[in-house]
Amino acid sequence: MRPLELTLEGFRSYRGKTTFDFRDRRLLGVVGQIGSGKSSILDAVSFALYGKTPSIEGATKSLINQLSDQCHVELIFQVDGEVWRAQRALRRKGQAGHRLEKLASGEPEAEVLEQITGEGSTNSRIEQLLGMDFKAFCRSVLLAQNRFSEFLTATPSQRDTVLKGVFGYERLDAALAVARTRLARAEMQLESLQGERRRIDEARTQLEEARTAATTAAKRSDELEASAEEVEALGRERGAAEAESALASKVMTDLAEIVASLPAPETVELAGSAGAAAEEAVSRAKAALVEAAANRAAAQADLTDLSSRFGDRERFRSFERLVERSEQEAAAVEAAHSHVAAAEKELAETATEVKRSAGAAESAVEGLIEIEESLQHLASTEEEAEGALLAAHHTDIAHELRAGLVPGEPCPVCAQPVHTPPKAGAATKVAAAEKALAKVRSDAAKAREKKERLAAAAASSRTAAEAANETLDRIKVVLADANEEVLSAEAARTATQSQLIEWLGVGDSRSLLASREAELTGAESALNEATAAVEAARVAHDQARDEADRTKASISELANRLTGAWGRLGHDRPLEADAAALAASFAELGETIVSGHETAEGTRADAGARVEAAGEQLAASLSALGLSAGEDFSRARADAAAQRGSAEQRVRTLEEQIAAGGELERGIVAAENEKRIAERLAKDLQPSRFLAFLLEEERADLADLGSEHFERLTDGNFRFSQDGTFNVLDLNAAGAERKADSLSGGETFLASLALALALSEMVARGGGRLDAFFLDEGFGSLDPEHLERAMDGIGRLVASDEKRLVVLVSHVAEMREAIEDLIELRKDDVTGDTVVVSGAVSAVRRIPEA
């Protein structure tokens, strides 16, 4: 995998859109102050590929810049000659976005040849393309800050995962899967062929039985065919008689249905009288409707008169709002007076506080003057006490020396011979002098403490007085504003009251408004009641009209029913909606139905006798053929023919199966050979065999080549063991074997670097996938000599493949001097955002200035 271009926006400290071009770059250093966003470049590469970073695998929304609502990371990279673009987006609210695209070229605007979306699908395809999962990537390609030694300290299985990915050995897993699929397919094919063989063996035993069954079925089919003409003739005769009987029964049923559909005699008699009553009800309802309409017109006139004098509802609402405003303005006047009173009270209290603070400050100053005079007196007294103590010490020393004087010997002070020792003096008073001096100094210290307290009290009182004066000035301004507020509120209330008196008159505005509104409400209620009465009268009129229409429709419906009954009897007898005509037609129709029913009943009896005679003859014929009287001869005949065809087809099928036995045996032999080959291939491709052998060889080569680098980087002090554990051999201790975690920080870094260099060289030799190498910090633990050796090893890593990219992230000054191609970053002191100083675009692709 070889990165070509990385774009970040809203990611960690990269709030604005930033693009880093890696094309035509080989050894690239990322430098800058701590917190400038160096490691975030590597985190962005990891996040674009795998949707997580070495330090954050779960709560990825924390990667969003603190001043942004979303972040976007895009990486264009090349793997196995193909160019891909991985895009990831995070939002504080909403779903994350994941997309992988295959591009026609390495340019951002290149044609998209393939697109994959969704986190699971994108991650799966990335692992397939790179040949490694996220943890293997972090152990071999991107060595993050404080995680550089993960490959060194990884378990054997974790190292094998890395080696499988970088050397492309995961293809063996695919080959094993293909071999297992091939084995399963061969087993299924062999099982199918063996099943076919069993079926052929069964066919040989079933063939004779099938031939006997075919002969029996043919004999039965011929027997039924021979009797078919006689049985079908009897069936036709019985069917004709049954049809005639059924037709007579249908006529009788139709007549019964016609009778059931006719209205009752009393219904026909009542139809005429109901029509006259309905018309009379319509006349009464129409008169009531006219009266209600006149009442509503009078109510409307009253309401119009009130509205012309007092105004409409909208005007009442406007004056109701004016009354509310008057009440609110009255409250505002009262509140303004309260603000004036509160301000006057606070003004008096603050003036008192000003006077009190000034007095306290003046008292503290007077105390300071007194204590200053006391301190001057105590300073003079302290000098006198110190002189007295010095004199006492001198006297005490002379007293002590006198005791040691010997006549004839030199004096220890003046070195002259002592002739006669002086007389003993009085006892010294050093202790008393020291006590007196201590008392004076104690009094002076207490005086200085009191001075400090008085000075603090004076300063505090002055500060309080100044603050109280400022408050006093502020309250005066507030009082003036409150007085203006009172004047403004009273003026507004007066203007509103004038408007109310002009329309409502003098008195309580809300009561006057309620009285006039009650009059309007009464007029509106009267109009509503009159309107409701009109609507009720209209409904009653419509109901009466509907009832008259229903009565007329009922008579028409009766006429239609009788006309329909005549039509079902085959007579065209249309009737008018007239009660007398209905009664006459109803009587005639009854007589016609009775006559027709008697005729149909006689026809049905005669047909029934013929059905019975034909049925007895047909039953006898069926019995002779072994069939029951109610059994369907045609079905039995068809079943016999079908059984004959099925039995003969089974004979042919069994004969064909037996004939194909020779070709089947050759297929079984071929399937058994295919199964043996697939079994051997699947067994050889097991991870514990061929892959284990390959990985063991790679581990041995890695340990050997890594030891060369390790020994060169450590002045010949260390190598790696050759048993694949990558333990450390201490050459300064006769090759004693040590665990990797026993190394110091700098030694661990060099050991990890040695393995990384060796792994990169091995991949380059075999045409593997490790075309990029990211290293974050770790150089700070090296002294200048080992730093130079580490850079030399990295230089050889870059030189071994002209397409390889190595990115080093560090704040070590020597790294900046050792690398020509740099990305330099700094941190914005105000926002904390990353600022790219230089190096975002490669020198080869940089557009020259005009």
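Residues numbered from 1 in each chain as written. Predicted model: local features only at pLDDT ≥ 70, side-chain atom pairs only at ≥ 80, totals over all residues. Heavy atoms only, no water.

Student: Before we move on, could you go through the overall build of the protein and cite the residues and values that matter?
Tutor: For the protein, the helix and strand inventory stands at 18 helices and 15 strands. Burial analysis of the protein (850 residues in total) assigns 37% to the buried set. Taking the contacts inside the protein whose residues are at least 6 apart along the sequence as the reference set, 70% of them involve residues at least 24 apart. With the model as given, the accessible surface of the protein reaches about 47,000 Å², and the carbon-plus-sulfur share is 52%. (Helix = DSSP H or I, 4+ residues; strand = E, 2+ residues; numbered from the N terminus. Buried < 20%, exposed > 50% of the residue type's maximum accessible area, 1.4 Å probe, protein only. Contact = heavy atoms within 4.5 Å. Areas by Shrake-Rupley, 256 points an atom, 1.4 Å probe, with all protein chains shown as cover.)

Student: Give me the lowdown on the side chain of Arg-25, citing residues and values where you can.
Tutor: Its place among the elements puts Arg-25 in the loop between strand E2 (18-21) and strand E3 (27-32). A polar contact of 2.9 Å, which involves the side chain of Arg-25, links it to the side chain of Asp-821. (Polar contact = N/O pair within 3.5 Å; in protein donor to acceptor, adjacent residues only side chain to side chain.)

Student: Can you tell me about the nonpolar core, naming the residues and giving the values?
Tutor: Counting residues in each nonpolar core, the largest one holds 48 residues, and the members touching the most others are Leu-6, Phe-20, Leu-49, Phe-77, Leu-130, Phe-137 and Phe-774. Among the elements that take part in this core, helix H1 (residues 38-50) stands out by supplying eight residues, more than any other. The next biggest cluster of nonpolar side chains, apart from the first, holds 36 residues, and it includes Ala-703, Ala-756, Ile-794 and Val-806. (Core = buried A, V, L, I, M, F, W, Y, C linked by side-chain atoms within 4.5 Å.)

Student: Explain the packing of aromatic side chains to me, using residue names and the numbers behind them.
Tutor: Under the counting rule described, the total for this entry stands at three aromatic pairs. Ring centres 6.0 Å apart and planes at 85° place the aromatic pair Tyr-14 and Phe-20 in the edge-to-face group. Here Tyr-14 and Phe-20 have matching classes, each one buried. Centroid distance Tyr-50 to Phe-134: 5.7 Å. Interplanar angle 65°. Geometry classified as edge-to-face. Here Tyr-50 is found in helix H1, whereas its partner Phe-134 is found in helix H3 (residues 134-140), with 84 residues between them in sequence. (Phe/Tyr/Trp six-rings, centres within 6.5 Å; stacked < 30°, edge-to-face > 60°.)

Student: Tell me about the pairing of strand E15 (residues 834-838), and name the residues and values.
Tutor: Sheet topology places strand E14 (residues 821-827) next to E15; four bridges connect them, and they run antiparallel. Looking across to E15, one finds that Lys-827 is bridged to Thr-834. Linkage of E14 to E15, two consecutive antiparallel strands, is achieved through a turn of six residues, within which Gly-832 is found at a positive phi near 80°. (Pairing = 2+ DSSP bridges.)

Student: Talk me through the sheet that holds strand E10 (residues 728-730); I want residue IDs and the actual numbers.
Tutor: Sheet architecture is open: three strands sit in the order E9-E10-E11, paired in antiparallel fashion. Because the sheet does not close on itself, it has two edges, and the strands there are strand E9 (718-720) and strand E11 (736-738). Taking the axes of each pair of neighbouring strands and ignoring which way they run, one obtains an average angle of 35° across the sheet. Across three bridges, E10 lies against E11 in antiparallel orientation. Across the sheet, the residue bridging to Asp-730 is Ala-736, located in E11. (Axes fitted to C-alpha atoms, helices over the stretch in contact; angles between N-to-C directions.)

Student: Requested: an account of the sheet that holds strand E1 (residues 2-9), with residues and values cited.
Tutor: What the six strands build is an open sheet, ordered E2-E1-E4-E5-E6-E7; its pairing is antiparallel. Of all the strands in the sheet, just E2 and strand E7 (112-117) have a single pairing partner and so form its edges. Each strand of the sheet is rotated relative to its neighbour by a mean of 15°, with strand direction disregarded. As paired elements, E1 and strand E4 (residues 70-79) share seven bridges and run antiparallel to each other. Residue pairing across strands places Glu-9 opposite His-72, the latter belonging to E4. On top of the sheet, helix H2 (residues 119-130) reaches E4, strand E5 (82-91), strand E6 (97-103) and E7; it is set at about 40° to E6, its chief contact.

Student: Please provide a residue-by-residue account of H2, values included.
Tutor: Taking 1.5 Å of rise per residue, the twelve residues of H2 would be expected to cover 16 Å, and the 16 Å separating its terminal C-alpha atoms lies within 8% of that figure. Residues of H2 that are buried include every one of Thr-122, Asn-123, Ile-126, Leu-129 and Leu-130, and no others. What you see down the axis of H2 is that its buried residues fit within an arc of 130°, all on one side. When the buried face of H2 is taken as reference, the exposed residues oriented beyond 90 degrees from it are Gly-120 and Gln-128. Of the residues flanking the end of H2, it is Gly-131, one or two places downstream, whose phi is positive at about 75°. (Expected span 1.5 Å × (residues − 1). Arc of directions from axis to C-beta.)

Student: Residues and numbers for the environment of Glu-383, please.
Tutor: Counting through the fold element by element, Glu-383 comes out in helix H9 (residues 313-402). Measuring from C-alpha to C-alpha, the distance between Glu-383 and Leu-437 comes to 8.8 Å, with 54 residues separating the pair along the chain.

Student: Any details on the side chain of Ser-40? Residues and values, ideally.
Tutor: Its location among the elements puts Ser-40 in helix H1. In this view, Ser-40 contacts Leu-8, Phe-11, Arg-12, Ser-13 and Tyr-14; residues no more than four positions away in its chain are not counted.

Student: Outline the environment of Ser-752, supporting the account with residue identities and numerical values.
Tutor: Within the secondary structure, Ser-752 is located in helix H16 (residues 745-766). Between the alpha carbons of Ser-752 and Phe-710 there is a distance of 8.8 Å; along the sequence they are 42 residues apart.

Student: Can you lay out the pattern of salt bridges for me, pointing to particular residues and giving the numbers?
Tutor: Taken as a whole, this structure holds 22 salt bridges when the rule is applied. For Arg-23, the salt bridge goes to Glu-5, with nearest N and O atoms at 3.0 Å. With a gap of 18 residues between them, Arg-23 in the loop between E2 and E3 and Glu-5 in strand E1 connect regions that are remote in the sequence. With relative accessibility at 8%, the residue Arg-23 sits in the buried group. When the shortest N-O distance is used, the salt bridge between Glu-101 and Arg-99 registers 3.5 Å. Judged by its relative accessible area of 5%, Glu-101 falls in the buried class. Connected through shared salt-bridge partners, Glu-5, Asp-21 and Arg-23 make up one network. (Salt bridge = Lys/Arg side-chain N within 4 Å of Asp/Glu carboxyl O.)

Student: Break down unusual backbone geometry for me, with residues and values.
Tutor: Of note, the phi angle at Arg-12 is positive, near 50°, even though the residue is not glycine. Along the chain, Arg-12 turns up in the loop between E1 and E2.

Student: Can you tell me about helix H7 (residues 228-261), naming the residues and giving the values?
Tutor: The terminal C-alpha atoms of H7 lie 47 Å apart, and with 34 residues this matches the ideal 50 Å at 1.5 Å per residue to within 8%. Within the span of H7, buried status applies to Ala-228, Val-231, Leu-234, Ala-241, Ser-245, Ala-248, Met-252, Leu-255 and Ile-258.

Student: Hey, could you go over the pairing of E4 for me, with residue numbers and the actual values?
Tutor: Judged by how many residues are buried, E4 sits mostly within the fold: seven of ten residues are covered. Summarising the sheet, E4 and E5 pair through ten bridges and their orientation is antiparallel. Directly across from Glu-74, in E5, lies its bridge partner Gln-87. The loop that links E4 with its antiparallel partner E5 comprises two residues; one of these, Asp-80, has a positive phi angle of about 55°.

Student: How would you sum up the confidence of the model for the protein? Please name residues and give values.
Tutor: Per-residue pLDDT for the protein averages 79, and the proportion of residues at 70 or more is 87%. Note on residues 843-850: pLDDT is under 50 here. Beyond four places in sequence and across chains, it has six contacts. (pLDDT = per-residue confidence, 0-100.)

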